[in-house]
Amino acid sequence: MPYFCAMKKTSTLLASAILLLSLFSCEKDVNITLATGEKQIVVEGVIETDQQPYVTLTNSMGFFDKIDLNSLSYVENAVIEVTDLSSGNKITLKEYKIDTTFGNQTFKFNIYGPDQSDPNAMNFKGIQGHSYLLNITANGKSYSSVTAIPYANGLDSIWTEPVPGREDSFSVVKVMYNDPDTFGNAVRIQTLNRKFRKDGSPEVFLTSFNPVYDDAIINGSRFPVTIDMGYDKSKTYTNEDFQTLGFIRRGDTVTVKWAAIDKKVFKFWETLVYSTSAVGNPFASPVKVQGNISDALGVWGGYNAQFYTITDTLK
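So, here is what we can say about the structure in this document. As the structure is a computational prediction, the values presented were derived from the model and not from experiment.

Some remarks on the overall build of the protein
Alright, step 1. Of regular secondary structure, the protein possesses 4 helices and 16 strands.
Alright, step 2. When the 315 residues of the protein are sorted by exposure, 35% land in the buried category.
Alright, step 3. Considering only intrachain contacts with a sequence separation of at least 6, the fraction spanning at least 24 residues in the protein is 64%.
Alright, step 4. As displayed, the protein offers around 20,000 Å² of accessible surface, 55% of which is attributable to carbon and sulfur atoms.

Given below as structure tokens:
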């Protein structure tokens, strides 16, 4: 028996040594060269109801490139045409170079918009029910896209409700929506919060974590929607900040921008949200952002925007 135990112990030690040796012998330096890929043009174009079209063109960036306003590479000297396919009217956009100051820094932006000296261009505005063709010629290549400004029901009503447990300080914004009885309706939501107590931050339209919805499940029904307040994605928030990020404070005045969008524009914003949430998550599957520009990245979007304003009068 002692001999058997000794042999068993020796075998165990030998097996452990072999396992450790095999692990160390498998170590190897692996160098992976990531392909940089060809740069693509990135399009951000918009035409809203009763507003002129505007387009921004930039070059795509590498995965490991530093991202800030100074690192954006704008596409210059492009020829951009917008055609109203419903009426046949067409305009050529003009390039503008703009200096903008944020804090102590000045940044340069390039944007294409209507020629302000041309009355026909200034009268070219989005109309609900119309479709718009975007044609771009830049860097010797051509790109195109079509978007529509859908008809929209708008909101039935808007109100605020106190947050349970924090009734003395915070409220949520609620709206009532009647969805049409046809499939394919979608909206993009933004909020502008004019704060009763100013903190110096810009008061502009912002989106929440998920700013788009469609009627795949609720088609033709009437239902209440809770509107989460949009927030600045470039800021760093504490855990305490996140607890109240979607709420409004007593005395704040909020404007909800409720914009009807077509299916392709909805798919772009939906996949962009999913893609953003997957960054840094080892358990998330990679998501390809589905733009609507041929051979380019980005979106040419038509928006039937309607605005609703309410002041929180919580006492």
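Quick look at the environment of D156
Alright, step 1. Position of D156 relative to the elements: it lies in strand β9 (residues 155-162).
Alright, step 2. Judged by its relative accessible area of 43%, D156 is partly exposed.
Alright, step 3. The sequence separation of D156 and R222 amounts to 66 residues, and the corresponding C-alpha distance is 9.3 Å.
Alright, step 4. Non-local contacts of D156, meaning those with residues more than four positions away in its chain, are made with M176, N178 and R222.

Topic: the pairing of strand β16 (residues 297-311)
Alright, step 1. For strand β1 (residues 41-48) and β16, the ladder comprises 7 bridges, and the chain directions are parallel. Opposite I47, over in β16, you have G302 as the bridge partner.
Alright, step 2. Relative to β16, strand β15 (residues 253-261) runs antiparallel, the two sharing 8 bridges. By the bridge assignment, W258 is partnered in β16 with Q306.

Observations regarding the pattern of salt bridges
Alright, step 1. Tallied over the full model, the rule gives 6 salt bridges.
Alright, step 2. Between K257 and E48 there is a salt bridge whose closest N-O contact spans 2.6 Å. One end of the pair, K257, is in strand β15; the other, E48, is in strand β1, with 209 residues separating them in the sequence.
Alright, step 3. Under the relative-accessibility criterion, K257 is labelled buried at 10%.
Alright, step 4. In this structure, D156 and R222 form a salt bridge, with 3.5 Å as the shortest nitrogen-oxygen distance. Separated by 66 residues along the polypeptide, D156 in strand β9 and R222 in strand β13 (residues 222-227) bring together distant segments of the chain.

Digging into the sheet that holds strand β4 (residues 90-92)
Alright, step 1. Taking strand neighbours across the sheet as the criterion, the 4 strands line up as β4-β3-β7-β8 in an open arrangement whose pairing is antiparallel. Strand pairing shows two members of the sheet lacking a second neighbour, β4 and β8 (141-148), which therefore form its edges. Averaged over all neighbouring strand pairs, the angle between strand axes comes to 15 degrees, with direction disregarded.
Alright, step 2. Direction of pairing for strand β7 (residues 131-138) relative to β8: antiparallel, over a ladder of 8 bridges. Across the sheet, T137 pairs through a bridge with S142, a residue of β8.

Examining the packing of aromatic side chains
Alright, step 1. Taken as a whole and judged by the stated rule, the model has 9 aromatic pairs.
Alright, step 2. Measuring from ring centre to ring centre gives 6.2 Å for Y74 and F109, while their planes differ by 70 degrees; the resulting arrangement is edge-to-face. Of this pair, Y74 sits in the loop between β2 (54-59) and β3 (79-84) while F109 is found in strand β6 (residues 105-113), placing the two residues 35 residues apart along the sequence.
Alright, step 3. Take Y74: its relative accessible area is 16%, and that puts it in the buried class.
Alright, step 4. Its relative accessible area of 21% is what places F109 among the partly exposed residues.
Alright, step 5. Ring pairing ties together the aromatic residues Y177, F223 and W258, which thus form one cluster.
Alright, step 6. Directly above the ring of Y231 sits K233, whose terminal nitrogen or CZ lies 4.3 Å from the centroid.
Alright, step 7. Positioned over the ring face of F205 is K257, at 5.8 Å from the centre of the ring.

Rules used in this analysis
- Residues numbered from 1 in each chain as written.
- Predicted model: local features only at pLDDT ≥ 70, side-chain atom pairs only at ≥ 80, totals over all residues.
- Heavy atoms only, no water.
- Helix = DSSP H or I, 4+ residues; strand = E, 2+ residues; numbered from the N terminus.
- Buried < 20%, exposed > 50% of the residue type's maximum accessible area, 1.4 Å probe, protein only.
- Contact = heavy atoms within 4.5 Å.
- Areas by Shrake-Rupley, 256 points an atom, 1.4 Å probe, with all protein chains shown as cover.
- Pairing = 2+ DSSP bridges.
- Salt bridge = Lys/Arg side-chain N within 4 Å of Asp/Glu carboxyl O.
- Axes fitted to C-alpha atoms, helices over the stretch in contact; angles between N-to-C directions.
- Phe/Tyr/Trp six-rings, centres within 6.5 Å; stacked < 30°, edge-to-face > 60°.
- Lys NZ or Arg CZ within 6 Å of the ring centre and 35° of its normal.

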